[in-house]
Amino acid sequence: MILGNVVRRTFGISRPLTPGKSVKGARWAVGVTTAVTSVGIYLKWRQSEARELSTEYFTPYRISFKQDIDRSHFLMELTPVIEQEQNLWAKMGCEKLWSVQIKQPDVMVVRNYTPLPLQMDRESQSLKILQDGEHAGGKLLFYIKQYEQGEVARWLHRLPENHIVELRGPFIDYEFPHYESEMKRDRSFTNRDKEEKFIFQPFDIAMFTAGTGIVTALQLLLTENPFRGTIDLFYSCHSYDELGPLGTILRALERSNRVRLHVMESQNQPSRAENLKIISKAILPPSPYSGQIPYQGKKRSTLEPVLSLVCGPEGYVAAIAGPKHEPAQGPVLGLLEKKQWTNDNVYKLS
Ligand SMILES: Cc1cc2nc3c(=O)[nH]c(=O)nc-3n(C[C@H](O)[C@H](O)[C@H](O)COP(=O)(O)OP(=O)(O)OC[C@H]3O[C@@H](n4cnc5c(N)ncnc54)[C@H](O)[C@@H]3O)c2cc1C
């Protein structure tokens, strides 16, 4: 049975807000249409009661914190100019993987970024995981990599604190089956001895991530009502240090057995072929998804992943699961095909 039956995926490529080239004669009409649309969006935003984040219009957020991890990676906290009423972490839980789009107003393009339920504690200068029911007025924290030739991430990196950026969303990037009236998983994962109880048996998944693709796993693991099964998480990077404080959080999740972590650092193993060989050896074959069956008590020690999610740069996705033919998934090839994974149980996120 395909777990992805309920999957809805809305993002693909980051798309321009306006066409790059316009026919000369139509410029005036395009200008008027754009102006009218912008006024419409603005009025809609003004009228919307709580000015909540929406996919329909852009909402202003202030850069409330920014910190470099290294030359390429940084953390950025955005605070809505008008406090948000909706708690997106409670609303989405672990059943929806989501992102928002940030607008670059000069070149009029948007890029997707995956928020994390963390906020910077000013006093201790450390990241705090939001508690259940807490949404910090809608604050969102992002882990971003800037590329030398990249447009938007480099621009974001240059912006000073208190600068206003515009966001729309949330966009659902992947949706898991809804487990009606299921009990919440405790978010305080540091308490390892606490016995867990659910109504339905949780299922495990495998996630293959490279670089900032790791945020997809972190969102599922840290959100309110976090992922109930165990994630067999593969993370490829140059160095684990590029995660900065997120690395400490990920290790704590590993100690609490919420995640089985396989880290591939290219600084230690520069051969791509050798890295892929190590990954391949650790990949488990797919287990069947049995649907919603009653909770059978504490899980066995072996992992039984029913779904593989793949997220990273094009070349990485291609090596793990075959190339993605945007917006289509493309056939499952690469390492996953060799371990009997198919299009029924693999999803390429990017
Ligand atoms: C749903 C979704 C969620 C995302 N979440 C995040 C997130 O949380 N954090 C984050 O940092 N990014 C995230 N991204 C990627 C992000 O949207 C941008 O694509 C990224 O920031 C690059 O945009 P840019 O404008 O800076 O670079 P662009 O101008 O788009 O790219 C210019 C050049 O940079 C290089 N480049 C761009 N992207 C990559 C890449 N992924 N790997 C290797 N080289 C690349 C390429 O050489 C490219 O030609 C997400 C993407 C999607 C679709």
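Note that the coordinates shown come from a computational prediction; the quantities given were computed from them, not determined experimentally.

About the criteria used
- Residues numbered from 1 in each chain as written.
- Predicted model: local features only at pLDDT ≥ 70, side-chain atom pairs only at ≥ 80, totals over all residues.
- Heavy atoms only, no water.
- UniProt positions renumbered as here; feature names shortened; annotations may be inferred.
- Helix = DSSP H or I, 4+ residues; strand = E, 2+ residues; numbered from the N terminus.
- Buried < 20%, exposed > 50% of the residue type's maximum accessible area, 1.4 Å probe, protein only.
- Contact = heavy atoms within 4.5 Å.
- Core = buried A, V, L, I, M, F, W, Y, C linked by side-chain atoms within 4.5 Å.
- Domains from an automatic or database assignment.
- Phe/Tyr/Trp six-rings, centres within 6.5 Å; stacked < 30°, edge-to-face > 60°.
- Pairing = 2+ DSSP bridges.
- Axes fitted to C-alpha atoms, helices over the stretch in contact; angles between N-to-C directions.
- Right-handed = clockwise from strand over helix to strand, strands pointing away.

Peer 1: What should I look at first to understand the UniProt feature "binding site: FAD" (unreviewed entry) in the protein in this one?
Peer 2: Sequence positions flagged by UniProt for "binding site: FAD" (unreviewed entry) are, in local numbering, Lys 145 and Val 152. By the secondary structure assignment, Lys 145 is in strand S7 (residues 140–145). Residue Lys 145 is classed as partly exposed on the basis of its relative accessible area of 29%. Those residues in contact with Lys 145 that sit more than four places away from it in its chain are Ser 72, His 73, Ala 153 and Thr 212. By the secondary structure assignment, Val 152 is in helix H3 (residues 152–158). Excluding residues within four positions of it along the chain, Val 152 makes contact with Gln 104, Val 109, Arg 111 and Tyr 113.

Peer 1: Even after reading the chapter, I still don't get the nonpolar core, so can you show me in this structure?
Peer 2: Burial of nonpolar side chains together is a common tendency in soluble globular proteins. Ranked by internal contacts, the top residues of the largest apolar core, which has 46 residues, are Ile 205 and Leu 309. Elements with a contribution of two residues or more to this core: strand S5 (118–121), S7, strand S9 (204–210), helix H4 (214–222), strand S10 (231–237), helix H5 (245–255), strand S11 (259–265) and strand S12 (305–311). The dominant element in this core, judged by the number of residues it contributes, is H4, at 7 residues. Per-domain counts for this core show at least three residues from each of domain 1 (51–174) and domain 2 (182–348). Leaving out residues up to four positions away in the same chain, Ile 205 has contacts with Phe 176, Leu 220, Phe 227, Thr 230, Ile 231, Asp 232, Pro 305, Val 306, Leu 307 and Leu 309. Grouped together as the second largest cluster of nonpolar side chains are 26 residues, Met 92, Ile 102, Val 109 and Val 152 included.

Peer 1: Looking at this structure, how should I read the packing of aromatic side chains?
Peer 2: Two aromatic rings are characterised by how far apart their centres lie and by the angle between their planes. This model, assessed by the stated rule, comprises 12 aromatic pairs. Taking 5.7 Å as the distance between ring centres and 75 degrees as the angle between the ring planes, the aromatic pair formed by Phe 203 and Phe 227 counts as edge-to-face. A residue pair is termed long-range when its members are at least 10 positions apart, and Phe 203 in the loop between strand S8 (164–175) and S9 and Phe 227 in the loop between H4 and S10 qualify at 24 residues. With relative accessibility at 13%, the residue Phe 203 sits in the buried group. Under the relative-accessibility criterion, Phe 227 is labelled buried at 4%. For the ring pair Phe 203 and Tyr 289, a centre distance of 5.4 Å and an interplane angle of 85 degrees mean the geometry is edge-to-face. Separated by 86 residues along the polypeptide, Phe 203 in the loop between S8 and S9 and Tyr 289 in the loop between helix H6 (272–282) and S12 bring together distant segments of the chain. Per residue, the accessibility class of Phe 203 equals that of Tyr 289, and both read buried. In textbook terms, an aromatic cluster arises when at least three aromatic residues are bridged by ring pairs, as seen for Tyr 174, Phe 176, Tyr 179, Phe 200, Phe 203, Phe 227, Tyr 289 and Tyr 347.

Peer 1: Even after reading the chapter, I still don't get the sheet that holds S11, so can you show me in this structure?
Peer 2: Strand-to-strand pairing in sheets goes through backbone hydrogen bonds, with the strands running parallel or antiparallel. Taking strand neighbours across the sheet as the criterion, the 5 strands line up as S11-S10-S9-S12-S13 in an open arrangement whose pairing is parallel. Lying at the two open borders of the sheet, with one neighbouring strand each, are S11 and strand S13 (346–348). For this sheet the average axis-to-axis angle between neighbouring strands, irrespective of direction, equals 15 degrees. As defined by bridge partners, S9 adjoins S12 across 5 bridges and the pair is classed as parallel. Bridged to Thr 209 within S12 is Cys 311.

Peer 1: So what exactly am I meant to see when it comes to the pairing of S9 here?
Peer 2: Two faces, one strand: in a regular strand the side chains alternate between the faces of the sheet. Counting buried residues in S9 gives 7 out of 7 residues, a clear majority hidden from the surface. Side-chain alternation along S9 places Asp 204, Ala 206, Phe 208 and Ala 210 on one buried face and Ile 205, Met 207 and Thr 209 on a second face that is also buried. Between the parallel elements S9 and S10, the chain passes through H4 in a crossover that is right-handed.

Peer 1: Help me understand the side chain of Ser 308 in this model?
Peer 2: Note that Ser 308 resides in strand S12. For Ser 308, the residues in contact, after removing those within four places along its chain, are Ala 206, Phe 208, Leu 336, Trp 341, Asn 345, Val 346 and Tyr 347.

Peer 1: Got a minute to help me understand the sheet that holds S8 in this structure?
Peer 2: With antiparallel pairing, 6 strands are arranged side by side in an open sheet as S4-S3-S8-S1-S2-S7. Whereas interior strands pair on both sides, the edge strands pair on one side only; in this sheet they are strand S4 (109–113) and S7. Between one strand axis and the next, the sheet turns through 40 degrees on average, direction left out of account. Relative to S4, strand S3 (residues 96–104) runs antiparallel, the two sharing 5 bridges. By the bridge assignment for S4, Gln 101 is matched with Asn 112. The strands that H4 touches are S3 and S7; relative to S3, the one it contacts most, it runs at about 125 degrees.

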